[in-house]
Amino acid sequence: MVRTIKPPLPSTTLEVARSLRKTMTDAERRLWKHLRAGRLCGLKFRRQHPVPPYVVDFCCIEAALAVELDGSQHNALVDAERTRYLQAQGWRVVRYWNNEVLLQIDAVLEEIERIARSRTLSPTPLPEGEGL
């Protein structure tokens, strides 16, 4: 389960999150329209949520799910490191390209709902035929 941040957030991270909320991309605005206020099957999502030292585009704390949108400015190596860090903190991370959100919003929403509703077994069972 993802731990709730209780100590004060680093002021830089908080300022960045506030700034990002004011300057969302078209894809972020479109996805937020469908995620906000429990519109996706009652799941509560937050936008531009601080997970120091990062700010995730969208997250559902209850499902420990972080949704990241990538555009042309994203660097695959930086994104991979960010994903590894978030996963180490207990988040399941899913990434979409901006054009996927803009052109295939229904498919994106279906997948987000499916992932948010699925629970991973702990520990993950071995593939059939492996183990004892």
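Note: the structure precedes this text.
Residues numbered from 1 in each chain as written. Predicted model: local features only at pLDDT ≥ 70, side-chain atom pairs only at ≥ 80, totals over all residues. Heavy atoms only, no water.

A. Spatial organisation of the pairing of strand S3 (residues 65-70). Counting buried positions along S3 yields six of six residues, so the element is predominantly enclosed. Here S3 shows a buried face lined by Leu 65, Val 67 and Leu 69 and a second buried face lined by Ala 66, Glu 68 and Asp 70. Judged from the three bridges that link them, strand S2 (residues 54-60) and S3 form a sheet pairing that is antiparallel. Note that in S3 the partner of Cys 59 across the bridge is Ala 66. The turn linking S2 back onto S3 is made up of four residues, and Ala 64 within it adopts a positive phi angle of 50°. Alignment of S3 against strand S4 (residues 92-97), held across six bridges, turns out to be parallel. (Buried < 20%, exposed > 50% of the residue type's maximum accessible area, 1.4 Å probe, protein only. Helix = DSSP H or I, 4+ residues; strand = E, 2+ residues; numbered from the N terminus. Pairing = 2+ DSSP bridges.)

B. How the structure looks around the packing of aromatic side chains. Considering all chains together, one arrives at two aromatic pairs under this definition. A centroid spacing of 5.4 Å and a plane angle of 65° characterise the contact between Tyr 54 and Tyr 85, whose relative ring orientation is edge-to-face. Pair noted here: Tyr 54 is in strand S2 and Tyr 85 is in helix H3 (residues 76-88), with a separation of 31 residues, a long-range link. Classification of Tyr 85 as partly exposed rests on a relative accessible area of 26%. (Phe/Tyr/Trp six-rings, centres within 6.5 Å; stacked < 30°, edge-to-face > 60°.)

C. Main features of the sheet that holds S2. A sheet is described by the order of its strands in space; here four strands give the open sequence S1-S2-S3-S4, paired in mixed fashion. Of all strands in the sheet, those bounded by a partner on one side alone are strand S1 (46-51) and S4. Ignoring which end each strand starts from, the neighbouring axes of this sheet average 45° apart. Relative to S2, S1 runs antiparallel, the two being bridged by five bridges. Within S2, the residue paired with Arg 46 across the bridge is Cys 59. Seen against the sheet, helix H2 (residues 26-35) touches S1, S2 and S3 and runs at an angle of roughly 35° to S2. (Axes fitted to C-alpha atoms, helices over the stretch in contact; angles between N-to-C directions. Contact = heavy atoms within 4.5 Å.)

D. Spatial organisation of the environment of Asp 106. Within the fold, Asp 106 resides in helix H5 (residues 105-117). For Asp 106, a relative accessible area of 55% corresponds to the exposed category. Distance from Asp 106 to His 34, taken between C-alpha atoms, is 9.7 Å for residues 72 residues apart in sequence.

E. Summary view of H2. Taken together, the buried positions of H2 are Ala 27, Glu 28, Leu 31, Trp 32 and Leu 35. Take H2 and look down its axis: the buried residues cluster within an arc of 125°, on one side only. Those residues of H2 hidden inside the fold are in contact with S1, S2, S3, helix H4 (98-103) and H5. Two residues or fewer after H2 comes Ala 37, characterised by a positive phi angle close to 55°. (Arc of directions from axis to C-beta.)

F. Spotlight on the nonpolar core. By size, the foremost hydrophobic cluster in this structure holds 23 residues, and its most contacted members are Leu 31, Phe 45, Val 67, Tyr 96 and Ile 112. The greatest single-element share of this core, amounting to six residues, is contributed by H5. Excluding residues that lie within four positions of it along the chain, Phe 45 makes contacts with Trp 32, Leu 35, Leu 40, Phe 58, Cys 59, Cys 60, Val 67 and Ile 112. (Core = buried A, V, L, I, M, F, W, Y, C linked by side-chain atoms within 4.5 Å.)

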